[in-house]
Amino acid sequence: MPPLISIENVRKTFGSGASLVDAFGPVSLDIEEGQFVSLLGPSGCGKSTLMLMLAGLLDVTSGQIIVDGKAVKAPQTDVGIMFQDNTLVPWRTVRGNVDLQLEMRGLDPRRYKDRVLDLLGQVKLLDFADRFPHELSGGMQQRAAFCQAMVHDPHIMLLDEPLGKLDAMTRESIRTDLQSLWMTRRPTVIFVTHSIEEAVQLSSQVAVITPRPGRIDRLIDINLPFPRDLGVKNSPEFISHVREIQEIFRGYGVI
Amino acid sequence: MATESSDQSNLGAKFGALVNQSWMFIIFFIGFFLVWEYSVVVFDIPKYILTPPSDVVRNGWADLPKLLYFSYITGLETLLGYVVAIIVGLPLGMAIAFSSVLRRTIYPFFVCLEMTPKIAFAPLFISWLGFGLLPKVIIVFLVCFFPIVLNAILAFNSLSEELTRFCRSTGAGVWRTFLRVRLPAAMPQCFVGFKYAAINATVGAAIAEFIGSDQGLGFYIQIVTGNMRPDLAFAGIFFLTLIGLLLFGAVTLAERLIIPWHISVRRVRTT
Ligand SMILES: Nc1ncnc2c1ncn2[C@@H]1O[C@H](COP(=O)(O)OP(=O)(O)O)[C@@H](O)[C@H]1O
Ligand SMILES: [Mg+2]
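What counts as what
- Residues numbered from 1 in each chain as written.
- Chains lettered and ligands numbered in written order.
- Predicted model: local features only at pLDDT ≥ 70, side-chain atom pairs only at ≥ 80, totals over all residues.
- Heavy atoms only, no water.
- Helix = DSSP H or I, 4+ residues; strand = E, 2+ residues; numbered from the N terminus.
- Rg over C-alpha atoms; globule rule 2.2 N^0.38 Å.
- Buried < 20%, exposed > 50% of the residue type's maximum accessible area, 1.4 Å probe, protein only.
- Contact = heavy atoms within 4.5 Å.
- Lys, Arg positive; Asp, Glu negative; His and termini not counted.
- Charge placed at Lys NZ, Arg CZ, Asp CG, Glu CD.
- Core = buried A, V, L, I, M, F, W, Y, C linked by side-chain atoms within 4.5 Å.
- Donors = N, O, S within 2.8 Å, 3.2 Å for Na, K, Ca; no water.
- Pairing = 2+ DSSP bridges.
- Near = heavy atom within 4 Å.
- Polar contact = N/O pair within 3.5 Å; in protein donor to acceptor, adjacent residues only side chain to side chain.
- Areas by Shrake-Rupley, 256 points an atom, 1.4 Å probe, with all protein chains shown as cover.
- Nonpolar A, V, L, I, M, F, W, Y, C, P; charged D, E, K, R; others polar.
- Salt bridge = Lys/Arg side-chain N within 4 Å of Asp/Glu carboxyl O.
- Domains from an automatic or database assignment.
- Buried area = accessible area lost by both parts, 1.4 Å probe.
- Axes fitted to C-alpha atoms, helices over the stretch in contact; angles between N-to-C directions.
- Left-handed = near helix turned anticlockwise from the far one by under 90°.

## Let's talk about the overall build of chain A
Then step 1. The number of helices and strands found in chain A is seven helices and ten strands.
Then step 2. The C-alpha atoms of chain A give 18 Å as radius of gyration, which agrees with the globular expectation for 255 residues (18 Å, within 12%).
Then step 3. The C-alpha extent of chain A, read off along each of the three principal axes, is 50 × 45 × 40 Å.
Then step 4. Looking at chain A as a whole, 54% of its 255 residues qualify as buried.
Then step 5. Long-range contacts, defined as pairs at least 24 residues apart, comprise 69% of the intrachain contacts of chain A with a sequence gap of at least 6.
Then step 6. The average position of the 27 basic charges and that of the 31 acidic charges among the side chains of chain A differ by 2 Å.

Shown next as structure tokens:
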């Protein structure tokens, strides 16, 4: 079976002439269906750029991206995206924000009511369904943004540093929810982070990216069994993966 | 339960704070008029130059029918000019924001016009259109139109990159994107323009009436000042202020009803 997502020699540059910025690539990477792949790399290496290209929101400069056997040329509508800044709108409640994803797709929110409530329940936001984003903590906002990004049941999810701005404790608790959401629906997830532990804990594969222009240095399979709770961090395998990746980054001189 | 009781004590605290702040203001307000009242007497200022506030109230009350009728005239000019400025300015601002052709043609033209004082056109319009209502409505319109248009252009041009991408990723068409995201996102900045215009609307009406008219508060103020009656002039100014306050109050109320979620409205409500 061909891979679900195939990144073939993709390169991205911005500008031209003297102001040309070599932002990303060339990179080739195959992603199998149902995987949880983390993109781990230093700031500015082109992770967000790759996400946007995968979503069809940014053109590739050269090479191509193939999803489900078709080259990506326009915005992909059957993916769920969480951008680096969340896309909750201030004039809608949590539930209204989740419904927005449905309404924009021409779906009737009333027919998806159970699904929306089910999702909000899974991320412990049921009591806050009728609150506005400004009434929520940062962690709750990100939970709401998860629901917004996956209410239309996408088979691919692109998550760009969804936990980036949260404190350590909140991150831990959302990680667990994220993992259980992934395990129940089993979408293919591409997850950007710069926390090594987070990548190893959540992923089935970790792609380690070099500083700009980002290239994939290593693709590491993490074979620990799911679900992985906090206890997994004490396992020798976990620790050796974290060490291995730390060594790579030390080699770049970024840590 | 816990949040409810803390909400109530919050409300109590806010009310207390409001009373505290208002008391200071009321005392200042009364003090201001007392100083005015008695300094006219103490410094022996002639009544044709400055009258005490008590005269303003007494003589203004006696002339109330005329003041009310002229307030109606000036209020009508103000309201008509303002409403037409919104009806024309808002859609035009949207069109300029979404059309690159308009943005390169009309927009720079408007930016230049914004620099010219619109009041300077008043004598021209009065010479073209006479002493009636229409030239005043046009002047009010001109004064209000530019802040409304320019803020609308800004409003519809400043959707965040993330939200723009979100909209594209849903595959929604232009119209659905507009109704569900662009329009509500633009409302706060539009209201900045509406409020600014509301503050300046009565200025347009009054000055247009100074220049040429046979009714309205601007006309009234000019006549009574010529007759050495500053008391009645102050009464006219009072009603002019009232019209401005009513218009601004109405716009602020509309803002609270239309965008209760916005930070500027929330801040007013909690402090
Ligand atoms: N629109 C753009 N124009 C010019 N340079 C850009 C643009 N977007 C991103 N870049 C550059 O591309 C590089 C990669 O950016 P990005 O994908 O945001 O990195 P990351 O998400 O890994 O931190 C950065 O050096 C950034 O400055
Ligand atoms: Mg980024």
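Now that the structure has been shown, we can carry on.
## Some points on the nonpolar core
Then step 1. Formed by 80 residues in total, the largest nonpolar core has its most connected members in Ile5 and Leu54 of chain A together with Phe156 of chain B.
Then step 2. Ranked by the residues each element gives to this core, the list is headed by helix 6 (residues 133-157) of chain B, at 14 residues.
Then step 3. In contact with Ile5 of chain A, other than residues within four places in its own chain, are Leu29, Asp30, Ile31, Leu54, Ile66, Val67, Ile156 and Ile190 of chain A.
Then step 4. Counting 31 residues, the second-largest nonpolar core is a separate cluster that includes Phe36, Leu120, Met157 and Leu181 of chain A.

## Remarks on the coordination of the magnesium ion (ligand 2)
Residue and element names in this part refer to chain A.
Then step 1. Only Ser48 (OG) and Gln84 (OE1) from the protein reach the magnesium ion (ligand 2) as donors, at distances of 2.0 to 2.5 Å. Here the residue Ser48 occupies a position in helix 1 (residues 47-54), and Gln84 occupies one in the loop between strand 6 (79-82) and helix 2 (94-104), the gap between them amounting to 36 residues.
Then step 2. Assessed through its relative accessible area of 35%, Gln84 is described here as partly exposed.

## Looking at the pairing of strand 10 (residues 216-221) of chain A
For a regular strand, side chains alternate in direction, first toward one face of the sheet and then toward the other.
Residue and element names in this part refer to chain A.
Then step 1. Both strand 9 (residues 205-209) and strand 10 contribute to a ladder of five bridges, which runs antiparallel. Paired with Ala207 across the bridge in strand 10 is Leu219.
Then step 2. The antiparallel hairpin formed by strand 9 and strand 10 contains six residues in its connecting segment.

## Thoughts on the site of ligand 1
All names here are of chain A.
Then step 1. By nearness alone, every residue bordering ligand 1 is listed as Phe14, Ala23, Ser43, Gly44, Cys45, Gly46, Lys47, Ser48, Thr49 and Arg212.
Then step 2. At 3.0 Å from an oxygen atom of ligand 1 is found a main-chain nitrogen or oxygen belonging to Gly46.
Then step 3. Lys47 is positioned such that a nitrogen or oxygen atom in its backbone is 2.8 Å from an oxygen atom of ligand 1.
Then step 4. Burial of ligand 1 by the protein amounts to 61% of the accessible area it has alone, namely 560 Å².
Then step 5. Along the lines of polarity and charge, the residues of the shell around ligand 1 split into three nonpolar, five polar and two charged.

## With respect to the interface of chain B and chain A
Then step 1. With 18 residues of chain B in contact, the opposing surface of chain A contributes 24 residues.
Then step 2. Scanning the region where chain B abuts chain A turns up one salt bridge.
Then step 3. Across the pair Glu103 of chain A and Arg180 of chain B runs a salt bridge, and its minimum N-O distance is 2.7 Å.
Then step 4. For the interface between chain B and chain A, the tally reads six residue pairs in polar contact (both at pLDDT 80 or more).
Then step 5. Mapped by element, the contributors of at least two residues to the side of chain B that touches chain A are helix 7 (161-170) and helix 8 (174-211) of chain B.
Then step 6. Ranked by residue count, the leading element in the side of chain B that touches chain A is helix 7 of chain B, at eight residues.
Then step 7. Residues belonging to the side of chain B that touches chain A are distributed by class as follows: eight nonpolar, four polar and six charged.

## Brief notes about the domain arrangement of chain B
All names here are of chain B.
Then step 1. The domains assigned to chain B are domain 1 (1-45) and domain 2 (53-270).
Then step 2. On a C-alpha basis, the centres of domain 1 and domain 2 stand 30 Å from each other.
Then step 3. Between domain 1 and domain 2, a total of about 410 Å² is buried, with carbon and sulfur atoms accounting for 68% of that surface.
Then step 4. Ranking the residues of domain 1 by area buried against domain 2 places Lys14, Trp36 and Glu37 at the top, with a combined share of 90%.
Then step 5. Taken together, the links from domain 1 to domain 2 amount to zero salt bridges.
Then step 6. Our count for the domain 1 to domain 2 interface comes out at one residue pair in polar contact (both at pLDDT 80 or more).

## Let's talk about the environment of Leu247 of chain B
Then step 1. Take Leu247 of chain B: it is sitting in helix 10 (residues 230-258).
Then step 2. Spatially, the C-alpha atom of Leu247 of chain B lies 8.1 Å from that of Ile199 of chain B, the residues being 48 residues apart in sequence.

## Some points on the side chain of Ser6 of chain A
All names here are of chain A.
Then step 1. Checked against the element boundaries, Ser6 lands in strand 1 (residues 5-14).
Then step 2. For Ser6, a relative accessible area of 8% puts it in the buried group.
Then step 3. A polar contact of 3.3 Å, which involves the side chain of Ser6, links it to the side chain of Glu8.
Then step 4. The contact partners of Ser6, leaving out residues within four places of it in the chain, are Leu29, Asp30, Gln64, Ile65 and Ile66.

## Some words on unusual backbone geometry
Residue and element names in this part refer to chain A.
Then step 1. The omega angle of the peptide bond from Arg212 to Pro213 is -5°, so this bond is cis rather than trans.
Then step 2. Unusually for a residue other than glycine, Asn9 sits at a positive phi of about 50°.
Then step 3. Residue placement: Asn9 occurs in strand 1.
Then step 4. Of note in this structure, Glu161 is not a glycine but carries a positive phi near 45°.
Then step 5. Counting through the fold element by element, Glu161 comes out in the loop between strand 7 (156-160) and helix 5 (168-185).

## Details of the pattern of salt bridges
Pairing between side chains of opposite charge can happen when their charged atoms approach one another.
Residues and elements named next belong to chain A.
Then step 1. Scanning all chains against the criterion turns up 23 salt bridges over all chains.
Then step 2. Two residues, Arg175 and Glu172, come together in a salt bridge whose shortest N-O distance is 3.6 Å. Of this pair, Arg175 and Glu172 both sit in helix 5, three residues apart, which is roughly one turn of the helix.
Then step 3. Classification of Arg175 by relative accessible area gives buried; the value is 5%.

## Quick look at the packing of helix 3 (residues 64-98) of chain B against helix 8 of chain B
Residues and elements named next belong to chain B.
Then step 1. Remark: helix 3 packs on helix 8, axes separated minimally by 9 Å, with the N-to-C direction vectors making an angle of 145°. Like other packed secondary-structure pairs, helix 3 and helix 8 cross with a definite hand, here right-handed. Contacts between helix 3 and helix 8 involve Ile73, Thr74, Glu77, Thr78, Tyr82, Ile86, Leu90, Met94 and Phe98 from the former and Phe178, Arg182, Leu183, Cys190, Phe194, Ala197, Ala198, Ala201, Thr202, Ala205 and Glu209 from the latter.

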